[in-house]
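Reading the structure
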Amino acid sequence: MTDPPSPNPSSAHVPQTLKTAFPQARVKTIMREDKDLSAVSHDAVFAATLATEMFLEYLVDKSFENTKKEMRKIVSYKDVARAVGDHGEMAFLEDVIPPTLSVRQALENKAKIDKQRDGVA
């Protein structure tokens, strides 16, 4: 005979321990750095850990697509920067992972900044 359905659907066949790639204790430590949080539940740490893993997987997948387009096997900084620049949902990373510049572009940008600074002063 089969068992009757569980009255609590959240307890039905949930694995006791779920593994994550990132250590949850470290994620909890990072989350506690926020002074506005007085406590962090295990569920919140687990959800944040999984969300971080999913986001990192997405960033790596998009970066590797750029690598494959150039028929290379090693992901480089420019692949990651291009993935950030090409996908609006990662725009918040543009300050941290800016696009690569050639030396010529960097010198031109520096000259513009110097000119603006000299003109303002």
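Residues numbered from 1 in each chain as written. Predicted model: local features only at pLDDT ≥ 70, side-chain atom pairs only at ≥ 80, totals over all residues. Heavy atoms only, no water.

Where an unreviewed UniProt entry is consulted, the chain appears under the name Transcription factor CBF/NF-Y/archaeal histone domain-containing protein, with the organism given as Spizellomyces punctatus.

Bringing the overall build of the chain into the picture now. In terms of regular secondary structure, the chain is built from four helices and zero strands. Each helix (α) and strand (β) of the chain, taken in turn from the N terminus, gives the series α-α-α-α. The proportion of buried residues among the 121 residues of the chain is 16%. Accessible surface, the chain: about 10,100 Å² in total, of which carbon and sulfur atoms supply 60%. (Helix = DSSP H or I, 4+ residues; strand = E, 2+ residues; numbered from the N terminus. Buried < 20%, exposed > 50% of the residue type's maximum accessible area, 1.4 Å probe, protein only. Areas by Shrake-Rupley, 256 points an atom, 1.4 Å probe, with all protein chains shown as cover.)

Next up on the list: the side chain of T49. One can find T49 in helix α2 (residues 42–69). Assessed through its relative accessible area of 0%, T49 is described here as buried. At a separation of 2.7 Å, a polar atom in the side chain of T49 contacts the main-chain carbonyl oxygen of V45. (Polar contact = N/O pair within 3.5 Å; in protein donor to acceptor, adjacent residues only side chain to side chain.)

On to helix α3 (residues 77–86), then. Turn by turn, an α-helix covers 3.6 residues, leaving residues three or four places apart pointing in a common direction. Of all the positions in α3, only D79, A81, A83 and V84 are classed as buried. Against α2 lie the buried residues of α3. (Contact = heavy atoms within 4.5 Å.)

Following both chains from N to C, one finds helix α1 (residues 24–32) and α2 inclined at 100°, their axes separated by 9 Å at the closest point. Judged on the interaxial angle alone, α2 and α1 are roughly perpendicular. Residue-level inspection shows Q24, V27, K28 and M31 of α1 in contact with α2, the latter providing H42, A44, V45, F46, A48 and T49. Each residue belonging to the contact of α1 with α2 can be placed in one class, and the counts come to six nonpolar, three polar and one charged. (Axes fitted to C-alpha atoms, helices over the stretch in contact; angles between N-to-C directions. Parallel < 35°, antiparallel > 145°, perpendicular 65-115°, else oblique. Nonpolar A, V, L, I, M, F, W, Y, C, P; charged D, E, K, R; others polar.)

So, about the pattern of salt bridges. For the structure shown, the criterion picks out eight salt bridges. In this structure, E70 and R72 form a salt bridge, with 3.2 Å as the shortest nitrogen-oxygen distance. Assessed through its relative accessible area of 33%, E70 is described here as partly exposed. Take R72: its relative accessible area is 24%, and that puts it in the partly exposed class. One salt bridge in this structure joins K110 and D114, with 2.9 Å as the shortest N-O distance. (Salt bridge = Lys/Arg side-chain N within 4 Å of Asp/Glu carboxyl O.)

Attention shifts here to the packing of aromatic side chains. Inspection of the entire model under this criterion finds one aromatic pair. With a centroid separation of 5.8 Å and 40° between ring planes, the pair formed by F55 and F92 is classed as tilted. A residue pair is termed long-range when its members are at least 10 positions apart, and F55 in helix α2 and F92 in the loop between α3 and α4 (103–120) qualify at 37 residues. Residue classification places F92 among the exposed positions, given a relative accessible area of 56%. (Phe/Tyr/Trp six-rings, centres within 6.5 Å; stacked < 30°, edge-to-face > 60°.)

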